Amino acid sequence: MYTSRPADFAYHRAGDLAEAVMLLSEDGDARALAGGHSLLPLMKCRLVTPAALVDIGGVAGLADITEEGGSLRVGALATHASVAASALVRERCPLLAETAARIGDPQVRNRGTIGGSLGHADPGADYPTVVTALDGKVTVTGSGGEREIAAADLVVGVFTTSLERGELITSVTVPATAAGSGGAYVKHKHPASGYAVAAAAALVTVEGGSCTAARLVVGGVTGVPEAAEAAAAAVVGAASSDDGALEAAGAKVAEALSGALDDTYASGEYRVHLAGVLAQRALREAMRRAG
Ligand code: FAD
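Rules of the game
- Residues numbered from 1 in each chain as written.
- Predicted model: local features only at pLDDT ≥ 70, side-chain atom pairs only at ≥ 80, totals over all residues.
- Heavy atoms only, no water.
- Pairing = 2+ DSSP bridges.
- Helix = DSSP H or I, 4+ residues; strand = E, 2+ residues; numbered from the N terminus.
- Axes fitted to C-alpha atoms, helices over the stretch in contact; angles between N-to-C directions.
- Contact = heavy atoms within 4.5 Å.
- Near = heavy atom within 4 Å.
- Polar contact = N/O pair within 3.5 Å; in protein donor to acceptor, adjacent residues only side chain to side chain.
- Areas by Shrake-Rupley, 256 points an atom, 1.4 Å probe, with all protein chains shown as cover.
- Domains from an automatic or database assignment.
- Buried area = accessible area lost by both parts, 1.4 Å probe.
- Salt bridge = Lys/Arg side-chain N within 4 Å of Asp/Glu carboxyl O.

Attention shifts here to the sheet that holds strand β4 (residues 65-68). An order of β4-β5-β10-β6-β7 is seen for the 5 strands of this open sheet, with the pairing classed as antiparallel. The strands lining the two open edges of the sheet, one partner per strand, are β4 and β7 (145-150). Sheet twist, expressed as the mean angle between neighbouring strand axes with direction ignored, is 25°. Inspection of the sheet shows β4 paired to strand β5 (residues 71-75) by 4 bridges, in the antiparallel sense. Residue pairing across strands places E67 opposite L72, the latter belonging to β5. Seen against the sheet, helix α1 (residues 17-26) touches β6 (137-142) and β10 (168-175) and runs at an angle of roughly 120° to β10.

As a further point, take the site of the ligand. Near the ligand, the surroundings consist of 31 residues, among which A32, G36, L39, T113 and D126 are the closest. Within the backbone of G36, a nitrogen or oxygen atom sits 2.8 Å from an oxygen atom of the ligand. Between L39 and the ligand, the recorded distance is 2.8 Å, taken from a backbone N or O atom to an oxygen atom. When the ligand is considered free in solution it has 970 Å² of accessible area, and contact with the protein chains removes 91% of it.

Attention now goes to the domain arrangement of the protein. Domain annotation of the protein identifies domain 1 (10-55), domain 2 (65-175) and domain 3 (181-290). Spacing between the C-alpha centres of domain 1 and domain 2 amounts to 19 Å. The interface is formed by 14 residues belonging to domain 1 together with 13 residues belonging to domain 2. Summed over both sides, the interface of domain 1 with domain 2 buries roughly 1100 Å², with 72% coming from carbon and sulfur. If you look at where domain 1 meets domain 2, you find 0 salt bridges. Summed over the shared surface of domain 1 and domain 2, the result is 2 residue pairs in polar contact (both at pLDDT 80 or more). In terms of residue count, the dominant contributor to the side of domain 1 that touches domain 2 is α1 (6 residues).

Read from one edge of the open sheet, 4 strands run β11-β12-β13-β14, paired in antiparallel fashion. The two strands at the open ends of the sheet, each matched to only one other strand, are β11 (181-189) and β14 (226-227). In this sheet, strand β13 (residues 210-219) lies alongside strand β12 (residues 196-207) in antiparallel orientation, the contact comprising 9 bridges. Within the sheet, the bridge partner assigned to V206 lies in β13 and is C211.

What follows is the structure in structure tokens.
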């Protein structure tokens, strides 16, 4: 039966990171609460019924955005709006700022956080695809201390991450985009929510008019961000304006996509087709920006 009222739960507001980790580690049925824009709708539909919420919104220092040694470190509590508006992110990693600006609507961007988006691992979410294409790293803290996870290893299934019980994402690190490199993210979005039905993120380097390196990641199709390595390899060595190489890359995208999601939004076959088209567009735009 549908109800708009969550089941009963205990509420804790963590004073600091150590307290949040302790509360989450002690109770396997507890969930972290950040912006609440994914968790609370699920609780209202009773699709998840955590025994307790650990509100991390008051933990100091988790929303900072800084530059460290050629990389950007974005705190887990940085909202999508703050990432989109950050002069540092816009200058040093424009792809990340653009991605944040295209998530949902203003209400979602003002409350939703980068840590919540990655921790939630929705197959249609934008950050997991883009942070993987950027070769980002996720720093997490748990009862055993701090560790780093490559973004490519974070999302392991639909709504499933490699985080251990009690672990919290504390920040996301992405390399600043170097001169001669360019990135682009293209999504076919659901018209109501903005979530990706299928999407592609590309990051390329162009030297002397030719592509010397390329990364391509597809989101929204199989449930996890998929690195389309053969497709990316198809443009390496080609001129940045080589339409044939882009078409060859698009045709190879399907090789990376087995087990496409098939739901009310789109069939698996349509998603795979879209991915090939979006990949070409993302690569073309990334080449233009790099070159
Ligand atoms: P919460 O809802 O608070 O938490 C989500 C999950 O992550 C929970 O399981 C929670 O325990 C866990 N979590 C939270 N913080 C952490 C942490 N630091 N470490 C580990 N786990 C954590 N997203 C898109 O990408 N693209 C869209 O176009 C888009 N459109 C949307 C439209 C609507 C109408 C809505 C309601 C949401 C949309 N979203 C979209 C999702 C939105 O970006 C969410 O805000 C985001 O996915 C979750 O972030 P949050 O801070 O709200 O997390």
